[in-house]
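Okay, here's what each chain looks like letter by letter:
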Amino acid sequence: MKGEKVTLRAVEPEDVELLYNWENKLENWKVSNTLAPFPRNVLEQYARSDQDLYAFKQARFMICKKETNETVGCVDVFDLDLVNDRAGVGVLIAKPEYREKGYAKEALEILIKYAFEILNLHQLYCNIPADNEKSLKLFEQIGFQKTGTFHDWIKRSNVFVDEYTLQLINK
């Protein structure tokens, strides 16, 4: 799946080390609700599997810069609910030097097109902590709307932070 700046591709076995580092980076845990280190063998099994979206109820795509093919992040579809035609989405631009350059936005736009046109989903959603202003702005820019608030939902260093639910309906 290609855009002007990025290409989305499946996870390959050679991505395991990269994913292992991203998944276990403490700064990423606060946006992914991770509480413990991620085992390498799980990533290895996933990379070697057929990554069947319908079996796993999730899919990860690697975000590669189109001009250099460098992998800069990943975008996920998760919690696939075929009864209600919806799924969650998330994006990570792992390398700080590539943030705020349009890669996440384009990757999400490609993923949305895939979800609505190929998977025929009715809606996508995401949950974003209220203090993650950059992610909120990004998702709102591409059409997601805040539809709910979980008050005092996330505890960080004995301070509670709200979390917003955002939705994008396929009309």
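The structure displayed is predicted, hence computed values, not measured ones.

Peer 1: Would you mind going over the pattern of salt bridges with me for this structure?
Peer 2: Where charged atoms from two side chains of opposite charge approach closely, those side chains can pair. Per the counting criterion, the structure on display carries nine salt bridges. Residue Asp76 is joined to Arg60 by a salt bridge in which the shortest nitrogen-to-oxygen separation is 2.7 Å. Taken together, the residues span a long stretch of sequence, with Asp76 in strand β3 (residues 71-81) and Arg60 in strand β2 (residues 59-65) at a distance of 16 residues. Side by side, Asp76 and Arg60 carry an identical accessibility label, which is buried.

Peer 1: Any chance you could explain the environment of Met1 here in plain terms?
Peer 2: Residue placement: Met1 occurs in the segment before β1 (6-10). Taking C-alpha positions, Met1 is 7.1 Å from Ile110, a pair spaced 109 residues apart along the chain. Residues within four places of Met1 in sequence aside, it is in contact with Val6, Thr7, Leu8, Phe61, Ile110 and Tyr114.

Peer 1: In this structure, what is going on with the sheet that holds β1? I would like to understand it.
Peer 2: Strand-to-strand pairing in sheets goes through backbone hydrogen bonds, with the strands running parallel or antiparallel. Read from one edge of the open sheet, seven strands run β1-β2-β3-β4-β5-β7-β6, paired in mixed fashion. Only two strands of the sheet have a single neighbouring strand rather than two, namely β1 and β6 (145-156). When strand polarity is set aside, the average angle formed by the axes of neighbouring strands in this sheet is 30°. Two elements, β6 and strand β7 (residues 159-169), share eight bridges in a ladder whose sense is antiparallel. By the bridge assignment for β7, Phe150 is matched with Glu163.

Calculation notes
- Residues numbered from 1 in each chain as written.
- Predicted model: local features only at pLDDT ≥ 70, side-chain atom pairs only at ≥ 80, totals over all residues.
- Heavy atoms only, no water.
- Salt bridge = Lys/Arg side-chain N within 4 Å of Asp/Glu carboxyl O.
- Helix = DSSP H or I, 4+ residues; strand = E, 2+ residues; numbered from the N terminus.
- Buried < 20%, exposed > 50% of the residue type's maximum accessible area, 1.4 Å probe, protein only.
- Contact = heavy atoms within 4.5 Å.
- Pairing = 2+ DSSP bridges.
- Axes fitted to C-alpha atoms, helices over the stretch in contact; angles between N-to-C directions.

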